[in-house]
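Summary of the model geometry
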Amino acid sequence: MTTKSRPPHVAAHAVMLLLSFIALFPVYWMFQTSFRASNEIFSSALWPNAPTLDNYRAVLATMPILGILQNTFLMAATTTLAQVVTGLLAAWALVRWTFPGGRIAHTLIALSWLVPFQVVMIPNYVLATKMGLLDSIAGLVIPNAAAAFTMLVIYNAMRGFPRAVIEAARMDGAGSLRTLMGVVAPNIRAPLASVSILCFISAWNDYFWPLLLIRRVENSVVQIGLQFFMTQEGNDWGLLMAAATLASLPILLIYLVLQRQVVDSFIKSGVR
Amino acid sequence: MASIDIRSVRKLYGKTLAVRGIDLSVEPGEFVVILGPSGCGKSTLLRMIAGLEDISSGEILIGGAVVNDVDPARRGCAMVFQNYALYPHMTVAQNIGYALKVAGNPRKERDERVERIAKTLGLELYLDRKPNELSGGQRQRVAMGRAMVRQPSIFLFDEPLSNLDAKLRIQMRLEIKSLHRELKTTSVFVTHDQVEAMTLADKLVVMRDGKIEQVGSPSEVYRRPQSQFVASFLGSPPMNFLPAVVNASGRACVAGDIVTWPGQIFDLPENTRIEVAFRPAAAQLSQDFDGTNVLPFHYEMVEDLGSELHLYGSVAGTRVAVALPQETAIPPRPLGITVPTDAVHAFISENGRRVEPRLENTPPNRSLGAEQCRETSLSYI
């Protein structure tokens, strides 16, 4: 039995190893390049001859990278919280009550997911400008405070929750909000966790909207901060890679600390 | 304890009428069982009493007050659901005490009441466990405890035993019965299981297609079903029905032969189709074909249930079941069956309603009670 299943088993592992290599090699290259001196930046050696922290020192000296990281964390965390809360409330409304137009509302939300960012970019920009949100963290968060994807994931998780349990809470005297927060939400923790992680990563990596909105480096987020090292005169790869490593660190740390929970939540929620 | 009055209650789902004008009274302390097949509207009716479903028209009164627009939690009802509906993330103690927590009862009082209920239900050792660490019977007890802790004036049970195995179902049935004797709380129990219905009910309500077919004590409904549906729904094996036609003299003819209660007449037009019915246990085997009360029975197979024998065969081309004591020796063919007249029922084929014959010498349109038919016997000429 074991011998029969070995060849496909080995092939599967070989494919997985290859895919992991393809995914991880650029990360490794970014990491090791950040330690290279400028004279060996284009070397194809797998590790710098004389590793140095000069690039990191230069990044910290040239730009307020810690402030930028703080901005990015604040923006990503607030966006995630807002998206999960709005998604939770919208999904609850659609699952808990049958009301005229409910199905249309659900369809419209689902359709809005299919609208590309480029279509709403200009109207959003004009609106943000008129609301005085230009060059602010609030301007980055508010237009992204509700997301169709988040709502749809939570909606599907809630639909699978037994209706009788919700009715039991009603019989026990729990109001609608109490039922949501005290009974339903704790039982859909896995999908909530996975959708939160996806929201956070998506917000952290967002580039285009901050590029439109942010003007000053103090209000910037990391993805915009990185482009300061990309100039018309050429790219400063050492500084760029050091800044990129610093930008990736929080996400990597989150993943390393919560690795088991992250994988569990994705498996349990069916979000892959 | 509170009374329940249901007045002309209807429930519409879109254009579908799920409950078609129900009138029912439940006395304080009474144990009412609503029995019916799937989709008959029994659970909908229970949910309307609970307040989980809106009423399309009519009124529901609890303790004399109309509760049509009253929130479920304020009706004084507690409900036990079919699949227990326990909160999966809470322990047994938290599940039982949740209603008290929502009501704002102090923690000390909550703990005391939860412990008392747990003791009554034998759950003291499981208070820290989550529902997924419990057996079906234990979960059922937790669901009962959650209902009991609120000290409701009405218990509503929505097929609470249907997910349990046969042995546990009997045990829980007895526990529910003894709890009702102890607490004397008005209870409405919905089921499709006739044994549960017969054993638990003070008052039995049989429903079909959103309407009440019959209300009465279990023995009344069993012994004197008011419709062919009720007669066929209660009893296992189900009641036997022999198609018959009323002749010019008011007697019932089965397959061209006359079946009658000697001296008894149906006040029905000639050629009215009726169903002559009897329970399998009411029939007895006979080989005495000289008598006038023996129906030829062509039996095909026997089922030995341990406690009794079930014989399946046909009478005048219609399938018939006969239940006999286990020790009965089945005589060789040809076989006949006799049925005492007081065990025979008749229903009009067209509408399924019960019809009673009258004595031959009494004026027409006077219905006879089954007790008046005793001492006579079914005859086959």
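Since the model is a prediction, treat every value here as computed from it, not as a measurement.

Let us now look at the environment of Gly352(B). Residue and element names in this part refer to chain B. Along the polypeptide, Gly352 turns up in the loop between strand E21 (344-348) and strand E22 (358-359). Classification of Gly352 by relative accessible area gives buried; the value is 9%. Taking the C-alpha atoms as reference, Gly352 lies 9.7 Å from Ala231; in sequence the two are 121 residues apart. If we ignore the near neighbours within four places in the chain, the residues touching Gly352 are Gln226, Ser227, Gln228 and Phe347.

A few words now on the domain arrangement of chain B. In many analyses, interface size is given as the accessible surface area lost on bringing the parts together. Residues and elements named next belong to chain B. You can read the domains of chain B as domain 1 (4-226) and domain 2 (231-380). Averaged C-alpha coordinates put domain 1 and domain 2 at centres separated by 38 Å. At the interface, 14 residues of domain 1 touch 16 residues of domain 2. Around 1200 Å² of area is buried between domain 1 and domain 2 when both sides are counted, 56% of it from carbon and sulfur atoms. Its salt-bridge partner being Arg353, residue Glu213 comes within 3.8 Å of it at the nearest N-O pair. On inspection of domain 1 and its partner domain 2, the count reaches six residue pairs in polar contact (both at pLDDT 80 or more). Its residues assigned to classes, the side of domain 1 that touches domain 2 shows seven nonpolar, four polar and three charged.

This part is about unusual backbone geometry. Residue and element names in this part refer to chain B. Looking along the chain, the bond that leaves Ser236 and enters Pro237 is cis, with omega of -5°. A cis amide bond links Arg333 to the next residue, Pro334, at an omega of -5°. Within the secondary structure, Pro334 is located in the loop between strand E19 (318-325) and strand E20 (335-338). The backbone of Ser8 shows a phi angle near 45°, a positive value even though the residue is not glycine. Among the residues examined, Ser8 registers a relative accessible area of 40% and is labelled partly exposed. Even without being glycine, Glu159 reaches a positive phi, approximately 45°. By secondary structure assignment, the location of Glu159 is in the loop between strand E7 (154-158) and helix H5 (166-183). Residue classification places Glu159 among the buried residues on the basis of a relative accessible area of 9%.

With that settled, consider the interface of chain A and chain B. Counting residues at the interface gives 15 residues for chain A and 23 residues for chain B. Of the roughly 1700 Å² buried at the junction of chain A and chain B (both faces included), carbon and sulfur atoms supply 58%. Of all residues in chain A, Arg170(A), Met171(A) and Asp172(A) bury the most surface against chain B, accounting for 42% of the area lost on that side. Measuring nitrogen to oxygen at the nearest pair gives 2.5 Å for the salt bridge that ties Glu167(A) to Arg47(B). Joining chain A to chain B, the criterion identifies seven residue pairs in polar contact (both at pLDDT 80 or more). Secondary structure elements with two or more residues in the side of chain A that touches chain B: helix H8 (163-171) and helix H9 (176-187) of chain A. For the side of chain A that touches chain B, the element with the highest residue contribution is H8(A), accounting for seven residues. Looking at the side of chain A that touches chain B, its residues break down into eight nonpolar, three polar and four charged.

Analysis parameters
Residues numbered from 1 in each chain as written. Chains lettered and ligands numbered in written order. Predicted model: local features only at pLDDT ≥ 70, side-chain atom pairs only at ≥ 80, totals over all residues. Heavy atoms only, no water. Helix = DSSP H or I, 4+ residues; strand = E, 2+ residues; numbered from the N terminus. Buried < 20%, exposed > 50% of the residue type's maximum accessible area, 1.4 Å probe, protein only. Contact = heavy atoms within 4.5 Å. Domains from an automatic or database assignment. Buried area = accessible area lost by both parts, 1.4 Å probe. Salt bridge = Lys/Arg side-chain N within 4 Å of Asp/Glu carboxyl O. Polar contact = N/O pair within 3.5 Å; in protein donor to acceptor, adjacent residues only side chain to side chain. Nonpolar A, V, L, I, M, F, W, Y, C, P; charged D, E, K, R; others polar.

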